[in-house]
Amino acid sequence: MHAIKLPLKVENELKKVSKVAGYLWQREWAERNAGNISINLTSFFKNEDLQGIGEEVPFNFPKGLGGFIIYITGTGCYLRDLVDQIEAVSCILYINEKANAYSIVWGGKRANFSPTCELISHSSIHLFNSINQPENLAIVHTHPLELICLSHHELFNDEEELNRQVWMMCPEVKVFVPKGIHCTPYALSSTADLAKVTIEAFKKRNVSLWEKHGATATAPDVEKAWDFLDVANKGAKLLMMCWSAGFKPSGLSDEQLKELEQFV
């Protein structure tokens, strides 16, 4: 158990995880054990890399996930510890062919470790991505301050208008979050319902804004997922700064926003 040698490409992805975790902590987006990160690493491994797989832990994964290899953070673990204790607070797990159990093949080196309680959400999204947008291997869920505030605002009930107001704050938001933010209705954490509504969000948007909870993005790697969240939150922050200063921002016009689409 935990004895496999990681391919160099996997080591490089884990370095990105540590870097992004540092960003999340510095931004105050990952209080205590908030947030979680995962990566579909299946394509990075060869069969011979998986020698010495440990004992199986029963878990009912969505059908179709058999044979997947997923990096994921641990339940109750602090994302800030990913910076220098990544093997203690996260793991790589192998899902058996029946998709009814997993084995930890790397990491999880702390007492009573287990994967995040959001394992069902992450694994379901990875299965959806593998079928519909296979370039997206990473998922980052965190608590961006200004985006969460917007999820409590009446704008949350009008997704098109919320996106227009966030996009209009500066050109980069429209260019680098071109599909925008999905106003994802509230669902209880660690449930299949949360996975379902988030998958619906990723069918058309770059960011899923979980109502009164946080935000999630999927992308080819964790740095690109971070970029979606960072830029989207910048738009929300600028909007709220204008409101706090007591004025309604003029913003980019619809014509100017349309003109920016050539850079997407």
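Residues numbered from 1 in each chain as written. Predicted model: local features only at pLDDT ≥ 70, side-chain atom pairs only at ≥ 80, totals over all residues. Heavy atoms only, no water.

In the nomenclature of an unreviewed UniProt entry, the protein corresponds to Rhamnulose-1-phosphate aldolase from the organism Hyunsoonleella aquatilis.

### Side note on helix 3 (residues 119–132)
Here is the rule we go by: Secondary structure elements are defined from DSSP: runs of H or I of at least 4 residues count as helices, runs of E of at least 2 residues count as strands, and each element is numbered from the N terminus. A helix is expected to span 1.5 Å for every residue after the first. For every residue, the accessible area (1.4 Å probe, protein chains only) is compared with the maximum for its type, and the residue is labelled buried under 20%, exposed over 50%, or partly exposed between those bounds.
Over its 14 residues, helix 3 runs 20 Å from end to end, which matches the ideal 20 Å to within 8%, given 1.5 Å per residue. Of all 14 residues in helix 3, 11 are buried; the element is thus mostly enclosed. Those residues of helix 3 not exposed but buried are Leu119, Ile120, Ser121, His122, Ser123, Ser124, Ile125, His126, Leu127, Phe128 and Asn129.

### A few points about the packing of aromatic side chains
Two aromatic rings are characterised by how far apart their centres lie and by the angle between their planes. The cut-off we apply is this: Each Phe, Tyr or Trp ring (for Trp, its six-membered ring) is paired with any other whose centre lies within 6.5 Å, and the angle between the two planes then decides the class: stacked below 30 degrees, edge-to-face above 60, tilted in between.
Applying the stated rule across the entire model yields five aromatic pairs. Ring geometry for tryptophan 29 versus tryptophan 226: centroids 5.5 Å apart, planes at 45°, classification tilted. Taken together, the residues span a long stretch of sequence, with tryptophan 29 in the loop between helix 1 (8–26) and strand 1 (36–40) and tryptophan 226 in helix 8 (residues 222–244) at a distance of 197 residues. Here the two residues tryptophan 29 and tryptophan 226 agree in accessibility, since each one is buried. Relative to phenylalanine 61, the ring of phenylalanine 59 lies with its centre 4.6 Å away and its plane at 50°, an arrangement referred to as tilted. For phenylalanine 61, a relative accessible area of 5% corresponds to the buried category.

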